[in-house]
Structures are given as structure tokens and as C-alpha cells.
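What follows is the residue order along each chain.
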Amino acid sequence: MITYIDPEARYSDATIHNGIIYLGGQVPEDASADAAAQTRSVLAQIDALLARCGSDKAHILEATIYLADLGDYDAMNRIWDGWTAPGRAPARACVQARLAHPGWKVEIKLTAVQKSIT
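We now turn to the structure provided with this report. From a predicted model like this one, the values you see are computed outputs, not experimental measurements. (Residues numbered from 1 in each chain as written. Predicted model: local features only at pLDDT ≥ 70, side-chain atom pairs only at ≥ 80, totals over all residues. Heavy atoms only, no water.)

1. A short note on the overall build of the protein chain
Okay, step 1: Within the protein chain one finds two helices and six strands.
Okay, step 2: The order of helices and strands in the protein chain, counted from the N terminus, is β-β-β-α-β-α-β-β.
Okay, step 3: For the protein chain, the spread of C-alpha atoms along the three principal axes comes to 40 × 40 × 20 Å.
Okay, step 4: Here the protein chain, with 118 residues, has 43% of them falling under the buried criterion.
Okay, step 5: Within the protein chain, contacts between residues separated by at least 24 positions form 69% of all contacts whose residues are at least 6 apart in sequence.
Okay, step 6: Entry remark: accessible area of the protein chain is about 6500 Å², with carbon and sulfur atoms responsible for 51%.
Okay, step 7: Charge centroids of the protein chain, computed over 11 positive and 14 negative side chains, lie 3 Å from each other. (Helix = DSSP H or I, 4+ residues; strand = E, 2+ residues; numbered from the N terminus. Buried < 20%, exposed > 50% of the residue type's maximum accessible area, 1.4 Å probe, protein only. Contact = heavy atoms within 4.5 Å. Areas by Shrake-Rupley, 256 points an atom, 1.4 Å probe, with all protein chains shown as cover. Lys, Arg positive; Asp, Glu negative; His and termini not counted. Charge placed at Lys NZ, Arg CZ, Asp CG, Glu CD.)

Below you can see the structure in the form of C-alpha cells.
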């Protein structure tokens, strides 16, 4: 069985199958904010979405971070490093990509496991 979280015609915010949570790319709420603020916004959304799916940041398996400009790498990492669960940093990739909205500086997609199966 697959559970779809907030499905729309084109995508769902998350899907869950066999206790594995697949989050779609999460983007900032304020496209005019700087990279640090956008990263905080995205991570807050991820926290809320993981909670709805029965998980949290300590149960992330992997993450892919898309930056519109690698010049924002250090600013994003300062926020990311303070957010990850101590001793539980997930496997991660970070790449530069042209994002769908010109004001977005960061988008994060990840996979996690539900707390009930760990």
C-alpha cells in the first residue's frame, strides 16, 4: 500500500511505502529571503511534514539539496549543520540547479524511515 500526503494533480508532498517516507522537493515560502532564511523555511516545512508522516530528522536516510547558486553553500550549511540530529547526519548530496522559481535559492528532497519501524 502507498500513502499519498497532500496529493495534487502533478505531485504529492510525500509518499509512504513499507515505512519509507519519500518527501518531494520542499521549497521556501518567501522567495525574496536570503539563502539562510530560505533554508530555515524549508527545514521547518520538512520537520512538519516528517511529523505528519510519523518520523523526524533523526530518521532521515538521505537528502539531496539543490542550490540555485553554489555561492550560497556556506550559508545553507550553517543552517543545515545546526538542524541535523547530532550524530545522525544523513547521506547527502548538494548540487547546483536552476530551480523552478527564479527567487528560490534552495530546494531539499529527502527519504526517511518512520519511527515505528526502527
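2. Considerations on the environment of Gln114
Okay, step 1: Looking at the secondary structure, you find Gln114 in the segment after β6 (106-113).
Okay, step 2: According to the relative accessible area criterion, Gln114 is buried, its value standing at 18%.
Okay, step 3: Every residue in contact with Gln114, bar those within four places of it in the chain, is listed here: Ile16, Gly19, Ile21, Cys53, Gly54 and Ser55.
Okay, step 4: A polar contact is formed between the side chain of Gln114 and the backbone oxygen of Cys53, at a distance of 2.9 Å. (Polar contact = N/O pair within 3.5 Å; in protein donor to acceptor, adjacent residues only side chain to side chain.)

3. Notes on the nonpolar core
Okay, step 1: Leu23, Ile46, Trp80, Ile108 and Leu110 are the most contacted members of the largest nonpolar core, which has 24 residues in total.
Okay, step 2: At the level of secondary structure, the elements contributing two or more residues to this core comprise β2 (14-17), β3 (20-26), α1 (35-52), β4 (60-67), α2 (73-83) and β6.
Okay, step 3: With six residues, α1 is the largest single contributor of residues to this core.
Okay, step 4: Apart from the residues within four sequence positions on either side, Ile108 is in contact with Gly24, Gly25, Gln26, Val42, Leu43, Ile46, Thr64, Ile65 and Trp80. (Core = buried A, V, L, I, M, F, W, Y, C linked by side-chain atoms within 4.5 Å.)

4. Things to note about the side chain of Gln26
Okay, step 1: Along the chain, Gln26 falls in strand β3.
Okay, step 2: Reaching out from Gln26, the side chain makes a polar contact with the backbone oxygen of Gly24 at a distance of 3.0 Å.

5. Some details on the side chain of Thr111
Okay, step 1: Along the chain, the position of Thr111 falls in strand β6.
Okay, step 2: Among residues more than four places away in sequence, those in contact with Thr111 are Ile20, Ile21, Tyr22, Ile60, Leu61 and Glu62.

6. Regarding the packing of α1 against α2
Okay, step 1: Relative to each other, α1 and α2 sit at 35°, their axes nearing to 8 Å. The chirality of how α1 crosses α2 is right-handed. Residues Ala35, Ala36, Thr39, Arg40, Leu43, Ile46 and Asp47 of α1 form the contact with α2, whose participating residues are Ala75, Met76, Ile79, Trp80 and Trp83.
Okay, step 2: Looking at the contact of α1 with α2, its residues break down into nine nonpolar, one polar and two charged. (Axes fitted to C-alpha atoms, helices over the stretch in contact; angles between N-to-C directions. Left-handed = near helix turned anticlockwise from the far one by under 90°. Nonpolar A, V, L, I, M, F, W, Y, C, P; charged D, E, K, R; others polar.)

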